[in-house]
Structure formats: C-alpha cells, structure tokens
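The residues making up each chain are set out below.
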Amino acid sequence: MNNLISQSHIWTTLKNHQKYLAPVQMQDLFALNEHRYEDFSIEACDLLLDYSKNRLTKDTLNLLRQLAIKVDLEAWVQKLFTGELVNNTEHRAALHVALRNRSNTQIIVNGKNVMPEVNLVLEKMRKFSNLVRDGEWRGYTGKTIENIVNIGIGGSDLGPAMVTRALRIYQHPRLHSYFVSNVDNSHLGDILTRINPETTLFIIASKTFTTQETLLNAHTARDWLIEKLGDESAVAKHFVAVSTATEKVTEFGIDPVNMFEFWDWVGGRYSLWSAIGLPIAVMVGMERFEELLTGAHELDQHFATAPILENLPMLMGLIDVWYSSFFNTTSQAVLPYDYTLKLFPAYLQQLVMESLGKRVTRNGDVVDYTTCPVIWGAPGNNGQHAFYQLLHQGTHVIPTDFIVAIESHYNLSEHQDAVLSNALAQSHALMMGRNLEKTKQNLVSMGIKDNDLAQQLPHRVFLGNQPSNTILYKKLTPKILGSLIALYEHKVFVQSTCWGINPFDQWGVELGKNVASMLLPTLQEKNNDRISHDSSTNGLLNYIKTHRDNIL
Ligand code: G6Q
C-alpha cells in the first residue's frame, strides 16, 4: 500500500482541493475571469485545445503539475522515447515513437539502433503500395487489384480501419477497402459475396499470427480464393501478411517475400504506424501515410519537450486523472463533430481501456483510486438526437471531448456552419445549464402557468456544470490526424504514469484468447454427456446444440 501515489501529500492536497471545488459552478468561474478562455486554452501542432470548460482553476493546475513531478512524469517520457523496457510485465519497450521518427535519430533497443529496420519496412511498403495503386501488381488472372481486404482484429484492425475511413477523401479512385475482424459469418461471409476474387488483395494482419479469429477468417478467405480461381498458386498474388512471426506466416502459405515485418516492441493498439498501416498506404498512398507519421512525430516532439502545463497530452492526461480519481467519474464521452472520424470513438475505446483498464500498479499493488473511465461516443449531431439527453439531465458527471473540424473537405454550402454551431452550442449548454429561475421565466414567456408550470418546471431544468474539452483543427489532413492520434496515445501514457499502471500489457485480452479455445471442442462434440462447465454455460451449450440445424 505504501507505494501507491494516493499515500502522497500531493494526493491528499488534491483531494481537499476537490472538496473545495466540487460545489463551484463553471459559469461562475467564467463570470469571475473574462480571460478564462485565454488562460485555459493552448495550441500546438495545429491543434487548439480549449480546456476552459473544466471544473478547475489555476490552483488545480498547479497541484496537478506537482502530481506530475511527484510521479516523475518527464523522466518516464524519456524512458518511453529511449527504448527502455516500459512494458515491465512483458519485458518490452513500447516504441511507437520510433515508427514515426522522421528525424531518423538513432533509437536503441537491446543495444541495437532500430531505425534502419524501420526505414527498410517503410521502403518495402512504399514499393508495394505503389505497385498496387499503379495497377502493376496484378492478380492471378492478370487483372489489376480493386479490393483491399484487411483481415485482423483489435490493434491489427481498429487503427488502420479508423484512419482509412478518416482519410477516405484521399483514397485511390479504383480501390475499395474492407476490414474483416469479427469471426461471425456475417462479417467475412457478407464481404465475400460482394467482391471479385480476381481483383482482390487480402492483407492478413496479425502480430502473433496465432489469433483465432484472424486465422479462421484468413483460412476461409484462402479456401474461397483457391476454389474460385481453381489453383493454389493464386494465393501468392492475392495474399500478403503483416506480422512479427515469419515462420507462422510461411506455414500459412504466404511467401515471406510478401510479408511486411514489425517487431515485439510495437504494441498492437499502437501499431498503425508500422506495417499494420499497409492498407492505409495502399488506399491513400505512401506520401499521405508519411504525412500521418510526420504529424505524429511533431506531436511526439511537443510531448517530449514542452513544459507540463504547456503540453497538450500532459494537460489532457492530468485533467482526466483529476476527474477519474478525485471526482470519481467513471465514463468519458468522445464526440467528433467531423463525420470522417466516425470510427475514432471505437479506436479510442481500445487505446484507452486496454491500456488503462487495470487495478494494480506496475509493482502489483492494488490501487485504492478510480482509474480508467469507460470510453464511448459517436459523431456529434447523431449523438445529439440519441444519448446527449443523459449528458444534459442524467445523474452522472461525464467529461466530454468535442473534436471539431473548422472546415470540411466537401463543399456543401451551409453544412459546416450547422456542424460548428451545434458543437459550440452543446459544450456551452453543458457548461451553463439552465437554473430554476431562468427555466421559470422561459416557461412563463411560453404562456405556461399555474399547475402546468409547477409540474413542468423540474423537468425543464438543466444543472449544467458538465465539463468538456474542445479540440479544434482546420481540416482533417493526414498530418493533423497523425497529431490527433498521437495526442491521445500520449495522454494515455500520462494517465498511466500518474496511476503507476503499465499501459502496454493486456492480460485481459490474453484471457479471452485462452477461454475461447477451451469451449470450442465442447461445442463441436455430438453428445452432451461430457459438458462440465458451470450450469449456466452447460445449459446454454446444450440449448445451442439442440436448436441448431447446420452442424458442420
Ligand atoms: C492490442 C492487443 C490486441 C491485439 C489483437 C490482435 O494491443 O494486444 O487487441 O492487437 O488481439 O492480435 P494479433 O495482431 O496478434 O492477431
């Protein structure tokens, strides 16, 4: 218990400070300081962060800064950037910053500079993506490639799927991308009915090349292709792999020449910058992929050098710790007012919750403070007509990130102003609320009176004081997107450092991988006699067995 940060003086001071701030209304803080926006907003890497609509003051920030100093945040950032084994349970570095190290300075892991290998793979990606895009890479029957099907799951799916969707405006006009992750028939099965095998390239993306879902989908896709084209040798023209496991890729039947390598120091959910980004490079071109890397690299430089309270990821991470551990908030909404970021909340769910969804510190001590919030969200205007009700009048405090593009890539008149006004109106309304008196005036002005007024009044009041950040950028270019993603990656690292958590392992995911293979044989047995799990699992298994017609 003694190793926990919660035992420190600064933690106790923050706790007391929270008691003082808990009843304070943000609208009063705005009224007291007409420069609150200027005082609590910051710009770096073409991203503007307005964090003025948060339940904090300058004192709060100074205390959070002291917390960052107490946990040696800046020293941990150095460890991250210099290849130390920050993933202590797997004895690995976590060097996503090396993958986008555009200044090419050497980064040593286990005594070896990793940059030459990184650059070689980037070069291989460039050549391959150009061949596909230029129509020079041809399928078995000589046709150019039109469909790119990425088969992977988790970190080998969410990042590239999100980025490819976000950068759709840049995609090659001949190419269509599909991302298959789920093992459910209706994912791959549906896509296979809509593509032509002669013009399809499958990218099998798996760091370990042992993941059940990916391998099953990959085998099914391979069998489908061979059946359709009538020759096993067609595989060489239609399958490439992205992996760290050369032997397993070869066993599967993919020539290592068509394999794009990455390394165990790249975590799955931090891997879109590696060859796992191959579908991005093919769809939008290697130059755009490199712009994405540049955006992330610039944010890396900012993170590594800017002082704590002028540092975007540090500020956002510290504010998140403030809410989770001192206000005990348990969820956080991410609301992009930029439809191209449709998949960003899903991507962040993995990045944040797989990294921080933990209850013991690096040393194995059980924490006595709230850590990772549940992350959820959806594009702005859609959410307004769905779950925002809970943000405005529910019983939870839900810190929210509004992510807003000033301009769109498309020029439909009036639309962008509608988006911007909605985004700003929502964060304003969440902060201000509408008190009893104002609500009453409003209802009276609408002609509502007497009993009706008394009855309606409590339903129409908005307490407000709901905190939010707003992140603004001009237009979602590959570079801006790179910076935005890196901002969230590093924000997670800041939170993990304050909480003393290792953000780079995922033992919960490993558990899932093991239990699935445990039940599979029971499901495939004909009789029910040997079922010996808990009675619920036994009951469900038996029910499934007696109700399904198509046992394969
Ligand atoms: C990510 C996790 C996990 C992983 C998938 C796929 O950080 O480790 O989401 O990415 O389980 O693993 P493979 O890439 O090994 O198939």
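Nothing here was measured: the structure is a model prediction, and the numbers come from that model.

I'd love a proper account of the environment of Asn381, names of residues and values included.
Position of Asn381 relative to the elements: it lies in helix H17 (residues 380–384). The spatial distance from the C-alpha of Asn381 to the C-alpha of Tyr37 is 24 Å, given a sequence separation of 344 residues. With residues near it in sequence (within four places) discarded, Asn381 still touches Tyr337 and Asn422.

Outline the side chain of Asp338, listing residues and values.
Among the secondary structure elements, Asp338 is positioned in the loop between strand S10 (331–337) and helix H16 (344–356). Of the polar contacts made by the side chain of Asp338, one reaches the side chain of Thr340; its length is 2.7 Å. Not counting chain neighbours up to four residues away, the residues in contact with Asp338 comprise Ile403, Ala405, Tyr473 and Leu476.

Now, about the pairing of strand S7 (residues 200–205): what can you tell me, with residues and values included?
Among the six residues in S7, six count as buried, and that is most of the element. Across the two faces of S7 the burial is the same, with Thr200, Phe202 and Ile204 and Leu201, Ile203 and Ala205 all buried. Where strand S5 (residues 147–151) and S7 come together, five bridges link them in parallel fashion. Residue Val149 lies in a different strand from S7, and its bridge partner there is Phe202. Pairing of S7 with strand S8 (residues 239–243) involves four bridges; the strand directions are parallel. Following the sheet pairing, Ile204 is matched in S8 by Ala241.

Break down the site of the ligand for me, with residues and values.
Neighbouring the ligand are 14 residues; Ser156, Ser206, Thr208, Thr211 and Arg269 lie closest to it. At a separation of 2.6 Å, an oxygen atom of the ligand approaches a polar side-chain atom of Ser206. A distance of 3.0 Å separates an oxygen atom of the ligand from a polar atom in the side chain of Glu354. If the ligand stood free it would expose 410 Å²; the protein chains cover 93% of that surface. Tallied by class, residues from the shell around the ligand come to one nonpolar, nine polar and four charged.

Could you give an account of the packing of helix H1 (residues 9–21) against helix H4 (residues 58–70), with specific residues and numbers?
Where H1 contacts H4, the axes come no closer than 10 Å and their chain directions differ by 160 degrees. One element, H1, and the other, H4, form an angle in the roughly antiparallel class. Remark: the crossing between H1 and H4 carries left-handed chirality. Counted together, Ile10, Trp11, Thr13, Leu14, His17 and Leu21 of H1 and Asp59, Thr60, Leu63, Leu64, Gln66, Leu67 and Lys70 of H4 form the full contact between these two elements. A per-class count over the contact of H1 with H4 returns seven nonpolar, four polar and two charged.

Cut-offs and rules
- Residues numbered from 1 in each chain as written.
- Predicted model: local features only at pLDDT ≥ 70, side-chain atom pairs only at ≥ 80, totals over all residues.
- Heavy atoms only, no water.
- Helix = DSSP H or I, 4+ residues; strand = E, 2+ residues; numbered from the N terminus.
- Contact = heavy atoms within 4.5 Å.
- Polar contact = N/O pair within 3.5 Å; in protein donor to acceptor, adjacent residues only side chain to side chain.
- Buried < 20%, exposed > 50% of the residue type's maximum accessible area, 1.4 Å probe, protein only.
- Pairing = 2+ DSSP bridges.
- Near = heavy atom within 4 Å.
- Areas by Shrake-Rupley, 256 points an atom, 1.4 Å probe, with all protein chains shown as cover.
- Nonpolar A, V, L, I, M, F, W, Y, C, P; charged D, E, K, R; others polar.
- Axes fitted to C-alpha atoms, helices over the stretch in contact; angles between N-to-C directions.
- Parallel < 35°, antiparallel > 145°, perpendicular 65-115°, else oblique.
- Left-handed = near helix turned anticlockwise from the far one by under 90°.

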